[in-house]
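Chains, contacts and geometry: an overview
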Amino acid sequence: MTETEFYVKPETTPAMAEYYMRLAKLNAGPLWEVLADLVPKEPKTPVLPHIWRFEEMRPMIIEAGALISEKDAERRVLILENPGIKGSSCITETLYSGMQLVLPGETAPTHRHTASALRFVLESKGGYTAVDGERTTMHKGDFIVTPSWTYHDHGNPSDSPVIWLDVLDAPMVNILETGFAEHHPEHIQPVTKKDGDAQARFGANMLPVDFKPQRQATPLFNYPYARSRETLEQLYKNGPVHPSHGVKIRFINPANGGPPMPMIQTFMQYLPKGFRGDAYRGTDATIYCVVEGTGQSVIGGTTVRWKENDVFVVPSWHPVSHQPDGEAVLFSASDRPIQQAFGLWREQVPAVL
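Heads up: these notes are all about the structure in this document. (Residues numbered from 1 in each chain as written. Predicted model: local features only at pLDDT ≥ 70, side-chain atom pairs only at ≥ 80, totals over all residues. Heavy atoms only, no water.)

Let us look at the sheet that holds strand E12 (residues 222-223). Taken in spatial order, the 6 strands make up an open sheet running E2-E3-E10-E5-E8-E12, and their pairing is antiparallel. Looking at strand neighbours, the two that pair on one side only are strand E2 (77-79) and E12, the edges of this open sheet. Direction of pairing for strand E3 (residues 96-102) relative to strand E10 (residues 162-168): antiparallel, over a ladder of 7 bridges. The partner of Met-99 across the bridge, within E10, is Leu-165. In the packing of helix H3 (residues 54-67) onto the sheet, the strands contacted are E2, E3, strand E5 (117-123) and E10, and the crossing angle to E3 comes to about 55 degrees. (Pairing = 2+ DSSP bridges. Helix = DSSP H or I, 4+ residues; strand = E, 2+ residues; numbered from the N terminus. Contact = heavy atoms within 4.5 Å. Axes fitted to C-alpha atoms, helices over the stretch in contact; angles between N-to-C directions.)

What follows is the structure in structure tokens.
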């Protein structure tokens with residue numbers, strides 16, 4: 001047994017092979033044949049480091065707009081499927097991701113589902129999403145939340161396409177076999193609150209005196225990029241800069257200080273000019289989207305070059321280090337809250353490459 005192995009399965013004799021065949025007929029099997037996979041020494045994942053380049057994806061999603069209507073598609077989305085888990089419709093084993101398009105004059109019908117969703121805006125000059133009767137205008141870099149089982153629709157009254165990145169915890173919901181979905185009685189839900197109502201009530205480090213949370217997810221639907229960018233800039237000026245992360249913040253639910261969604265945590269980080277990050281790794285596989293700048297990330301020995309609106313994934317327990325060309329900003333999302341809830345999340349700084 002080598003230093004990196006936890007268990008090596010024994011050699012299979014002809015007698016054992018015959019025994020296994022008889023076991024299989026009883027829908028049973030020997031643990032010692034699969035123990036190394038079932039109880040690994042460290043995380044093993046089929047998920048691969050990969051990048052989806054926006055300059056390649058954007059023409060494809062615009063083409064989809066000519067091929068299928070929003071009505072027929074329900075949601076016009078191109079799935080970002082990890083090449084290591086083909087056929088799964090997943091970007092990691094616990095998260096789904098895709099790029100969604102709403103063309104000028106279109107509306108995506110109102111529905112709701114068990115899975116929580118986030119929208120990270122890549123292009124928008126006036127598009128909106130509505131959650132439980134409140135519309136919020138989308139701007140590039142905004143992080144928008146659709147909590148579990150909330151009615152939501154999208155619209156684009158502008159004269160240019162609206163494109164955003166979706167991330168949903170649908171794979172986890174489906175593993176637990178708790179997925180439900182339904183349409184609203186109307187194509188577009190009634191607007192019952194003014195744009196900005198949630199921001200006024202929950203976005204100023206205060207809560208209405210009689211506020212009683214109705215769900216675990218954040219009551220704040222839109223985390224505007226302008227505020228996130230200002231915060232990163234101020235923290236950079238105040239210092240210090242983390243050797244792996246640069247300046248990194250995590251978004252929170254203002255009602256309880258937890259993650260915006262029970263199973264998805266989100267982050268924004270600023271990489272200053274000249275930054276050369278130390279390797280870092282964590283057990284939460286992470287989806288990154290480039291908000292500003294160009295640069296590269298080394299992921300477990302694989303180097304990916306990135307620029308604005310590109311999306312790349314860092315698999316579980318893969319060391320990653322970031323190196324911007326000038327200054328850069330990265331948004332990211334992972335399943336960290338699930339792991340933390342069960343005491344499973346682990347990180348290593350600096351990671352061993």
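Turning to the side chain of Glu-70, a few remarks are in order. Locating Glu-70 in the fold gives a position in helix H4 (residues 70-73). Given the relative accessible area of 3%, Glu-70 is considered buried. One polar contact links Glu-70 to Arg-76, side chain to side chain, over a distance of 3.2 Å. For Glu-70, the residues in contact, after removing those within four places along its chain, are Arg-75, Arg-76, Gln-100, Leu-101, Val-102, Glu-106, Thr-107 and Ala-108. (Buried < 20%, exposed > 50% of the residue type's maximum accessible area, 1.4 Å probe, protein only. Polar contact = N/O pair within 3.5 Å; in protein donor to acceptor, adjacent residues only side chain to side chain.)

In this sheet, strand E7 (residues 134-139) lies alongside strand E6 (residues 125-131) in antiparallel orientation, the contact comprising 5 bridges. Within E7, the position partnered with Tyr-128 by the bridge is Thr-137.

Turning next to the pairing of strand E21 (residues 328-334). Taken across its 7 residues, E21 has 7 buried, putting it largely inside the fold. Residue alternation in E21 divides its side chains into two sets, Ala-328, Leu-330, Ser-332 and Ser-334 and Val-329, Phe-331 and Ala-333, and both sets are buried. With 7 bridges connecting them, strand E14 (residues 265-271) and E21 associate as antiparallel partners. By the bridge assignment for E21, Phe-267 is matched with Ser-332. Note that strand E16 (residues 286-292) and E21 share 6 bridges and pair antiparallel. Following the sheet pairing, Cys-289 is matched in E21 by Phe-331.

Another point: the state of the cysteines. Here the structure, examined in full by the defined rule, presents 0 disulfides. In this structure Cys-90 is not part of a disulfide, and its nearest cysteine sulfur, from Cys-289, lies 19 Å away. (Disulfide = S-S within 2.5 Å.)

Think of an α-helix as turning once every 3.6 residues; residues three or four places apart then point the same way. Between its terminal C-alpha atoms H3 stretches 20 Å, which fits the 20 Å expected from 14 residues at 1.5 Å a residue. Looking at the buried residues of H3, the elements they touch are strand E1 (50-52), E2, E3, E5 and E10. (Expected span 1.5 Å × (residues − 1).)

It is worth spelling out the sheet that holds E16 at this point. Sheet architecture is open: 6 strands sit in the order E1-E19-E16-E21-E14-E13, paired in antiparallel fashion. Each end of this open sheet is capped by a strand with a single partner; those strands are E1 and strand E13 (247-250). Strand-to-strand twist in this sheet, taken as the mean axis angle between neighbours without regard to direction, amounts to 20 degrees. Where E13 and E14 come together, 4 bridges link them in antiparallel fashion. Across the sheet, Ile-249 pairs through a bridge with Met-268, a residue of E14.

These results come straight from atomic positions and should not be treated as a statement about function.
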